[in-house]
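Each chain is listed here by its residues.
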Amino acid sequence: MTKRLLTNARLVTLAESDAPYGMIDDGALVIDKEHISFVGKAVDLPADTADLPREDLGGRLVTPGLIDCHTHVVFGGDRAREFEMRLQGATYEEVARAGGGIVSTVKATRAASEEELLTAALTRVDALIAEGVTALEIKSGYGLDTDAELRMLRTARRIAKERPVTVRTSFLGAHAIPAEYKDRADAYLDEVCLPTLEAAHGEGLVDAVDGFCEGIAFLPEQIKRVFDEAKALGLPVKLHAEQLSNLGGTALAASYGALSADHLEYLDEAGVAAMAQSGSVAVLLPGAFYTLRETQMPPMELLRQHKVPIALATDCNPGSSPLASLLLTMNMGCTLFRMTPEEALAGVTRFAARALGLEDRGTLEAGKRADLAIWNISHPAELSYRIGFNALEKRIFGGSE
């Protein structure tokens, strides 16, 4: 079937509109192969659609397919024991001495085969797909040596072949300093990170380059070296920034035209203004805020005042955000960060697409890719309001179910 018509729908277009959510009641949508060719009121359907195969959606809500624009779903092992230790009062140092923290994930990831990484990652990806996710970003960064980083990225590429979902990869070699390079961050960049980035790019494994700019990871001048290499390779950048302190990483990322800066709890107005000028998306990660029991909220009002686009993502990872539900993330964005339900939904569709450089999706508009989620709800605010409830009726990916 190359062309079909969906009718009797409430269309949540998320496009620029005077209507909240870009809502169209009594709507109709025409899918032509992989793309949308018409979106609007049923009474405005073109005459040449009269004989198309049609599906009555019974008044259900239709949104763009959801997009999780910041994940670490490929990794080895888990950190449940570390979680238990922290609840029992163990300090970060005690957890680290017991073999916990990122060191444990690096060890497990290095030991895992590509097949083992794939099998584990697919369980998390399947949970996201079941909630209407049609695209996601996957980062490396738990290998921290050439072989393991490339294995993570190859696994991420395989996920898009194993499941009906778009995957964008981010090279995150500058995620942490591995134990064997303790106190030698620049040597790690010279000997491992930058050569691995070049090798990964040579294999076609990288869509963007990321880093973690913090005192416990890499300083701005070190991130600049990574970004310079990305620029030389023609790759866009993004950055974990201002999560635990304000080192000016966001402004640095903006100066490179970054797709996004992520976390941002300690972001100041200068950093917000830099994002506004560069068009970078602010990706907020309430799962990490919740898990780490943080108290410093991202500067929501400054982001709004400067009209910085705001996205939401799970940050699905084994340590600080073991979260594989984008619907719960939306609720957290509203409850913890005081986002509106409309901001939350735009944050996992329209602006999440922008954070990944996917300009062909994220809204319901003619010419956009036909990635849709159809919901058994009456109002889009229900997607953020409900907790532990999945109202997905079905998902359409590239025009196919």
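It should be emphasised that the depicted structure is a prediction, and the values quoted were computed from it without experimental measurement. (Residues numbered from 1 in each chain as written. Predicted model: local features only at pLDDT ≥ 70, side-chain atom pairs only at ≥ 80, totals over all residues. Heavy atoms only, no water.)

1. With respect to the packing of helix α4 (residues 114-129) against helix α5 (residues 146-162)
No. 1: Across the interface, α4 lies against α5 with an axial gap of 9 Å and an inter-helix angle of 50°. With respect to α5, the element α4 is oriented oblique. Relative to α5, the crossing made by α4 is right-handed. Along the contact surface, α4 presents E114, E115, L117, L118, A121, L122 and V125, while α5 presents R151, R154, T155, R158, I159 and E162.
No. 2: Residue classes in the contact of α4 with α5 are distributed as six nonpolar, one polar and six charged. (Axes fitted to C-alpha atoms, helices over the stretch in contact; angles between N-to-C directions. Helix = DSSP H or I, 4+ residues; strand = E, 2+ residues; numbered from the N terminus. Parallel < 35°, antiparallel > 145°, perpendicular 65-115°, else oblique. Left-handed = near helix turned anticlockwise from the far one by under 90°. Contact = heavy atoms within 4.5 Å. Nonpolar A, V, L, I, M, F, W, Y, C, P; charged D, E, K, R; others polar.)

2. So, the pattern of salt bridges
No. 1: Applying the stated criterion across every chain, the model contains 31 salt bridges.
No. 2: The partner of R4 in a salt bridge is E55, with the nearest N and O atoms 3.8 Å apart. Here the residue R4 occupies a position in strand β1 (residues 3-12), and E55 occupies one in strand β4 (residues 54-56), the gap between them amounting to 51 residues.
No. 3: Linking R10 and D25 is a salt bridge whose minimum nitrogen-to-oxygen distance equals 2.6 Å. Taken as a pair, R10 in strand β1 and D25 in strand β2 (residues 23-32) lie far apart in primary sequence, 15 residues in all.
No. 4: Accessibility expressed as a relative area gives 23% for R10, which makes it partly exposed. (Salt bridge = Lys/Arg side-chain N within 4 Å of Asp/Glu carboxyl O. Buried < 20%, exposed > 50% of the residue type's maximum accessible area, 1.4 Å probe, protein only.)

3. Some thoughts on the UniProt feature "binding site: Fe(3+)" (unreviewed entry) in the protein
No. 1: Per the UniProt entry, the sites bearing "binding site: Fe(3+)" (unreviewed entry) are H70, H72, H240 and D315 in this numbering. Spatial clustering of the annotated residues is evident: they stretch over 246 residues in sequence, but the largest pairwise C-alpha distance comes to 12.5 Å.
No. 2: The residue H70 is located in the loop between β6 (66-68) and α1 (80-87) in this model.
No. 3: Those residues within four positions of H70 in sequence are excluded, and the remaining contacts are E137, K139, H240, D262, V283, L285, A313, T314, D315 and C316.
No. 4: Within polar-contact distance, the side chain of H70 engages the side chain of H72 at 3.2 Å.
No. 5: Turning to its location among the elements, D315 is positioned in the loop between β13 (310-312) and α12 (326-337).
No. 6: According to the relative accessible area criterion, D315 is buried, its value standing at 1%.
No. 7: Excluding residues within four positions of it along the chain, D315 makes contact with H70, T71, H72, H263, L285, A288, S320 and S321. (UniProt positions renumbered as here; feature names shortened; annotations may be inferred. Polar contact = N/O pair within 3.5 Å; in protein donor to acceptor, adjacent residues only side chain to side chain.)

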